Amino acid sequence: MKVLIIGSGGREHALAWKCAAAEHVREVLIAPGNAGTALEPKCRNTAVDSGDIPALVELARRERVELTIVGPEGPLVAGVVDAFQAAGLPCFGPTRQAARLEGSKAYTKDFLARHRIPTARSRTFTRQDYDPTWLEHQSLPVVIKASGLAAGKGVIIAETRDEARTAIGGMFAGRFGTAGEQVIVEEFLRGEEVSFIVMADGSHVLPLATSQDHKRRDDGDRGPNTGGMGAYSPAPRVTPELHARIMREVIEPAIAGLAAEGTPYTGFLYAGLMIAQDGTPNVLEFNCRLGDPETQPVLSRLRTDLTVLCEAAVRGRLDTVSADWDPRAALGVVLAAGGYPDAARKSDRIEGLERAAALADGHGKIFHAGTRLEGDAVLTDGGRVLCAVGLGESVLAAQRTAYGLVEVIYWPDMRYRRDIGYRAIERERQTL
Ligand code: AMP
Ligand code: GLY
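Keep in mind it's a predicted model, so treat the numbers as computed, not measured.

Thresholds applied
Here, residues in each chain are numbered from 1, in the same order as that chain's written sequence. Whichever chain is written first is A, and whichever ligand is written first is 1; the rest continue in order. For a predicted model such as this one, the threshold for reporting local features is a pLDDT of at least 70, and the threshold for listing and counting side-chain atom pairs is 80 or more; totals across whole chains, interfaces and linings nevertheless cover every residue. The side-chain quantities take in all heavy atoms of the structure and omit both hydrogens and water. At least two DSSP bridges between two strands are needed for those strands to be called paired. Elements are defined by DSSP. Helices are runs of H or I of four residues or more, strands are runs of E of two residues or more, and each kind is numbered from the N terminus. Working convention: axes come from line fits to C-alpha atoms, limited for helices to the stretch in contact. Angles between N-to-C directions cover 0 to 180 degrees. It only takes one pair of heavy atoms within 4.5 Å for two residues to be counted as in contact. We call a residue near a molecule or strand when any one of its heavy atoms sits within 4 Å of it. Distance and chemistry together define a polar contact, namely a pair of N or O atoms within 3.5 Å, with one atom able to donate a hydrogen and the other to accept it when in protein, and with adjacent residues in sequence counting only for side-chain atoms on both sides. Only the protein chains shown count as cover for residues, and the accessible areas themselves come from Shrake-Rupley with a 1.4 Å probe. Each residue receives one of three labels: charged for Asp, Glu, Lys and Arg, nonpolar for Ala, Val, Leu, Ile, Met, Phe, Trp, Tyr, Cys and Pro, and polar for the others, Gly being one of them. Classification of residues uses two cut-offs on accessible area relative to the type maximum, computed with a 1.4 Å probe and protein chains only: under 20% is buried, over 50% is exposed, and between them is partly exposed.

What to know about the sheet that holds strand 9 (residues 182–187)
One open sheet accounts for four strands, arranged 6-9-7-8; its pairing is antiparallel. A strand with exactly one partner marks an edge of an open sheet, and here the two such strands are strand 6 (122–126) and strand 8 (155–158). The mean angle between the axes of side-by-side strands here comes to 20 degrees, regardless of whether they run parallel or antiparallel. As paired strands, strand 7 (residues 142–146) and strand 8 are joined by four bridges and run antiparallel to one another. Within strand 8, the residue paired with Lys145 across the bridge is Val155. Across the face of the sheet, helix 7 (residues 105–114) comes into contact with strand 6, strand 7, strand 8 and strand 9 while running at roughly 50 degrees to strand 9.

A short note on the site of ligand 2
In the vicinity of ligand 2, the contacting residues are Asp213, Gly227, Tyr270, Asn287, Arg289, Gly291, Asp292, Pro293 and Glu294. Between ligand 2 and Asp213 there is a distance of 2.8 Å, counted from a nitrogen atom to a side-chain nitrogen or oxygen. Residue Gly227 places a main-chain N or O atom 3.0 Å away from a nitrogen atom belonging to ligand 2. For ligand 2, whose accessible area on its own is 200 Å², the fraction buried by protein is 91%. Here the shell around ligand 2 is composed, by residue class, of two nonpolar, three polar and four charged.

Concerning the pairing of strand 22 (residues 384–392)
Judged by how many residues are buried, strand 22 sits mostly within the fold: nine of nine residues are covered. Pairing analysis gives eight bridges linking strand 18 (residues 329–337) to strand 22, with the strands arranged antiparallel. In the sheet register, Ala329 faces strand 22, and the bridge partner there is Gly392. Of the strand pairs in this sheet, strand 19 (residues 364–368) and strand 22 are connected by five bridges, and their pairing is antiparallel. Along strand 22, the bridge assignment pairs Ile366 with Ala388.

With respect to the side chain of His214
You can see His214 is positioned in the loop between strand 12 (212–213) and strand 13 (216–218). Within the local environment of His214, its side chain forms a polar contact with the backbone nitrogen of Gly421, the two atoms lying 2.9 Å apart. Excluding residues that lie within four positions of it along the chain, His214 makes contacts with Asp221, Thr226, Gly228, Met229, Gly230, Tyr232, Arg417, Asp419, Ile420, Gly421 and Tyr422.

Structural data, given as structure tokens:
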């Protein structure tokens, strides 16, 4: 079969690599892809932008693509799945209506309330109905969120009321474009953050192996928020008890609620949760897609053919399949360009990729994100450039493998965290 992957990041490289590994997959097209997908066996980059929905449909038709998997949220929220469905092309992902779960935080807060799914207390305002006196009664810190898609930058944790006022004013003034037309003012929650990712087919759910990312740029989970500086799987924090609780209190009511409201959810669903002291899994956000970089370690452990899982989901038959996981742990370290998460420098030549690939053979993999090919050279082309994934008998062992790969890679001003997985490793130590 022929598969199409939409997107160009590390998550999409992992999706393409995993699909290409299936014997019955003849070719994987990536729109538009990166240097990693260009060099991957059985994979071919196509010069189609991930946001150009008519061109994507045309590509899938022309190439007789039998399964499309969508990586990023942008095309999902814009309705890429609806367009593929209308053209009779199988495409795994939520429809535009279902993708509102990520595309509109205001909608999601109401949805969570309607279905009694635990989440932080909040109020949603527009510029017209904003009540400034209300803020004076909120305890600090307070969380200010732009409702729409803001490339991961639309959440501000305000330590003072002045900061909160500035954040709200900025959003209403158009700092995040239309994403800030509705603003959510939310209670600050304490606890431990956990991500939980499942596949859904409208009614059935298949949870993926647990994983956890590190969102802050610097060691010790300090510094500015990023898309994610590293991730590992499994996440020892998600004990079997917590897993059951998240399924029962968050995932099952969400999937059932969406179906009951006439917007059944098919696709990957990512819940960002804050686990309270008493174990309550509070929803911070939903993403209508896989996490990046969580996907890189998670798919590194998947033994089942991913195309079989996605096809079953598109047919509404996720109940007929199961996923088999490598018992080893996987840990990915993101290598970023200087300047990230702000504007990053580009076009540096990356050295050591062949040596890293030889070292990784059977024990890990270097996934590309912001890279491009120029002749034979692989150049940096974005903030997050690579993700080095190592496998091992424990998270600690996987961490050692991953950093072993990092050591042989070089470009000027390459940045990375040196402590990815530290919480999980601490937990492993305590349970020994
Ligand atoms: P979000 O995009 O909504 O997940 O927010 C990005 C990050 O902000 C999350 O990963 C959390 O670290 C933090 N965050 C969001 N909402 C809250 C909250 N209500 N309380 C504490 N931290 C939050
Ligand atoms: N790693 C967080 C995300 O993909 O949203």
